[in-house]
Amino acid sequence: MPAGVAPSAGALVRLGGKTYRGSLRLLPERDESFLAINHLELECYLAGVLPKELYPDWAPATYEALAVAARSFAIYNCITTGRGSEYDLGDNQASQCYGGHSAETAKSWAAVNATRGVVLAYGPRGQERIFLAQYSASCGGRVNGAYVIRNAQQIQPLEGDQICNDCAACPRYRWPAVRIRKADILRALGARYDAARQLTRLDRVEVVTATAYGRAVWVDVVGNGSPVRLRAEDIRLALLSDGPAAA
């Protein structure tokens, strides 16, 4: 049965060296550990997100812009994917980085308060809807359409393809070439996808579709069985999660 920690009014709860507002719900996992879920107000959540996503010396206007995007992202997930899950958002790059009360700063709270309730929405006048706002540390010179990363609404704000040099100073503005063993790729994909688990040999990865500027979108993983079609971004995430050795 789930357990919880609900501090008295105005108090905080500490877990893993961090303090959090609101309450914590603990769900037992199969490996005898617990999944900790922080229940708190949206604006308090945002104050713990901005300092984890932005540098401390960035302009207040940047903090305010991200407050609007992060609020939109959070609400969209709450009303869509969150309905079928024990929680609405994770605390890492798969959702938005979140550091709880420990991460909050005066600048993050100023941005949250200055934009309180403001969200990104799109649609005919009177029928606007919040959409899945996306952002990243670096676009590599070309803004990716949302479809490159995940299944997304086909709407103008998410089309991408704009040329951008604002993030050229980012150390990951250009990704270096790496070599990854086929066995490591197969293991990482098999850990996430049932179809890939049926393959005992990997021959090649074929690009099926790509953007006009050359980034792979869909690829076929070809081996000793039926080809497995995956989004290229999902393969990247699987490899990062698995941590295979690059040669």
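Note that the structure is predicted; figures quoted are calculated from it, not measured.

K.L.:
How should I be thinking about the overall build of the protein in this particular structure?
P.N.:
If you tally the helices and strands in the protein, you get seven helices and ten strands. Taken along its principal axes, the extent of the C-alpha atoms in the protein is 60 × 45 × 40 Å. The long-range share in the protein, meaning contacts at least 24 apart out of those at least 6 apart in sequence, stands at 51%. A total of about 15100 Å² of accessible surface is found on the protein, and carbon and sulfur atoms cover 52% of it. Side-chain charges in the protein split into 28 positive and 24 negative, and the spacing between the mean points of these groups amounts to 3 Å.

K.L.:
Honestly, the pairing of strand 4 (residues 23-28) in this entry has me stumped. Any pointers?
P.N.:
A regular strand places its side chains so that they alternate between the two faces of the sheet. Summarising the sheet, strand 4 and strand 5 (residues 34-39) pair through six bridges and their orientation is antiparallel. Paired with leucine 27 across the strands is leucine 35, a residue of strand 5. Between strand 4 and strand 5, which pair antiparallel one after the other, the connecting turn spans five residues, and glutamate 32 there sits at a positive phi close to 70°.

K.L.:
Can you help me understand the packing of helix 1 (residues 42-53) against helix 2 (residues 60-79) in this one?
P.N.:
Axes are the key here: two packed helices are described by the angle between their axes and the distance separating the axes. Between helix 1 and helix 2, whose axes approach to 10 Å, the crossing angle comes to 125°. Judged on the interaxial angle alone, helix 2 and helix 1 are oblique. For the crossing formed where helix 1 meets helix 2, the hand is right-handed. Contact with helix 1, carried on its side by Leu42, Glu43, Tyr45, Leu46, Val49, Leu50, Pro51 and Glu53, involves Tyr63, Leu66, Ala67, Ala70, Arg71, Ala74 and Ile75 of helix 2 and no other residues of that element. Split by residue class, the contact of helix 1 with helix 2 holds twelve nonpolar, no polar and three charged.

K.L.:
When you look at the nonpolar core in this model, what are you seeing that I'm missing?
P.N.:
Counting residues in each nonpolar core, the largest one holds 27 residues, and the members touching the most others are Tyr45 and Leu50. Sort the elements by how many residues they give to this core and helix 2 lands first, with eight residues. Once you skip the residues sitting within four places of it in the chain, leucine 50 turns out to touch Tyr63, Leu66, Ala67, Ser108, Ala111 and Val112. In terms of nonpolar packing, the next biggest core, distinct from the first, is built from 15 residues, Leu186, Ala196, Leu202 and Ile235 among them.

K.L.:
Even after reading the chapter, I still don't get the state of the cysteines, so can you show me in this structure?
P.N.:
Working definition: the covalent bond between the sulfur atoms of two cysteines is a disulfide. Tallied over the full model, the rule gives zero disulfides. The thiol of cysteine 44 is unpaired, and the distance to the nearest cysteine sulfur, on cysteine 78, comes to 14 Å. Left without a disulfide partner, cysteine 164 is nearest to the cysteine sulfur of cysteine 139, which lies 3.9 Å away. For cysteine 164, a relative accessible area of 17% translates into the label buried.

K.L.:
Hey, could you run me through helix 2 in this one?
P.N.:
Since one α-helical turn is 3.6 residues long, residues separated by three or four positions face the same way. Over its 20 residues, helix 2 extends 29 Å from the first C-alpha to the last, a length consistent with the 28 Å expected when each residue adds 1.5 Å. Along helix 2, the residues classified as buried are Tyr63, Leu66, Ala67, Val68, Ala69, Ala70, Arg71, Ser72, Phe73, Ala74, Tyr76 and Asn77. Contact partners of the buried residues in helix 2: helix 1, helix 3 (106-114) and strand 7 (129-130).

K.L.:
So what exactly am I meant to see when it comes to the side chain of serine 138 here?
P.N.:
Within the fold, serine 138 resides in the loop between strand 7 and helix 4 (146-149). Separated by 3.4 Å, the side chain of serine 138 and the backbone nitrogen of glycine 140 make a polar contact. Beyond its immediate sequence surroundings of up to four residues, serine 138 is in contact with Cys167, Cys170, Arg172 and Tyr173.

K.L.:
Is there a simple way to explain the packing of helix 5 (residues 182-190) against helix 7 (residues 232-242) in this structure?
P.N.:
Direction vectors running N to C along helix 5 and helix 7 enclose 100°, while the axes themselves pass 9 Å from each other. Judged by the angle between their axes, helix 5 and helix 7 are roughly perpendicular. Each of Asp184, Ile185, Arg187, Ala188 and Leu189 in helix 5 lies in contact with helix 7, whose residues at this interface are Ile235, Ala238, Leu239 and Asp242. Its residues assigned to classes, the contact of helix 5 with helix 7 shows six nonpolar, no polar and three charged.

K.L.:
Any chance you could explain the environment of asparagine 38 here in plain terms?
P.N.:
Take asparagine 38: it is sitting in strand 5. Taking the relative accessible area as the measure of exposure, asparagine 38 reaches 17% and is therefore buried. Put simply, asparagine 38 and cysteine 164 are 126 residues apart on the chain and 36 Å apart in space, counted from C-alpha to C-alpha. In this structure, asparagine 38 is in contact with Tyr20, Arg21, Gly22, Ser23, Leu24 and Tyr98, ignoring residues within four places of it in sequence. A polar contact is formed between the side chain of asparagine 38 and the backbone oxygen of arginine 21, at a distance of 2.9 Å. Polar side-chain contacts of asparagine 38 include one of 2.7 Å to the side chain of tyrosine 98.

Basis of the calculations
- Residues numbered from 1 in each chain as written.
- Predicted model: local features only at pLDDT ≥ 70, side-chain atom pairs only at ≥ 80, totals over all residues.
- Heavy atoms only, no water.
- Helix = DSSP H or I, 4+ residues; strand = E, 2+ residues; numbered from the N terminus.
- Contact = heavy atoms within 4.5 Å.
- Areas by Shrake-Rupley, 256 points an atom, 1.4 Å probe, with all protein chains shown as cover.
- Lys, Arg positive; Asp, Glu negative; His and termini not counted.
- Charge placed at Lys NZ, Arg CZ, Asp CG, Glu CD.
- Pairing = 2+ DSSP bridges.
- Axes fitted to C-alpha atoms, helices over the stretch in contact; angles between N-to-C directions.
- Parallel < 35°, antiparallel > 145°, perpendicular 65-115°, else oblique.
- Left-handed = near helix turned anticlockwise from the far one by under 90°.
- Nonpolar A, V, L, I, M, F, W, Y, C, P; charged D, E, K, R; others polar.
- Core = buried A, V, L, I, M, F, W, Y, C linked by side-chain atoms within 4.5 Å.
- Buried < 20%, exposed > 50% of the residue type's maximum accessible area, 1.4 Å probe, protein only.
- Disulfide = S-S within 2.5 Å.
- Expected span 1.5 Å × (residues − 1).
- Polar contact = N/O pair within 3.5 Å; in protein donor to acceptor, adjacent residues only side chain to side chain.

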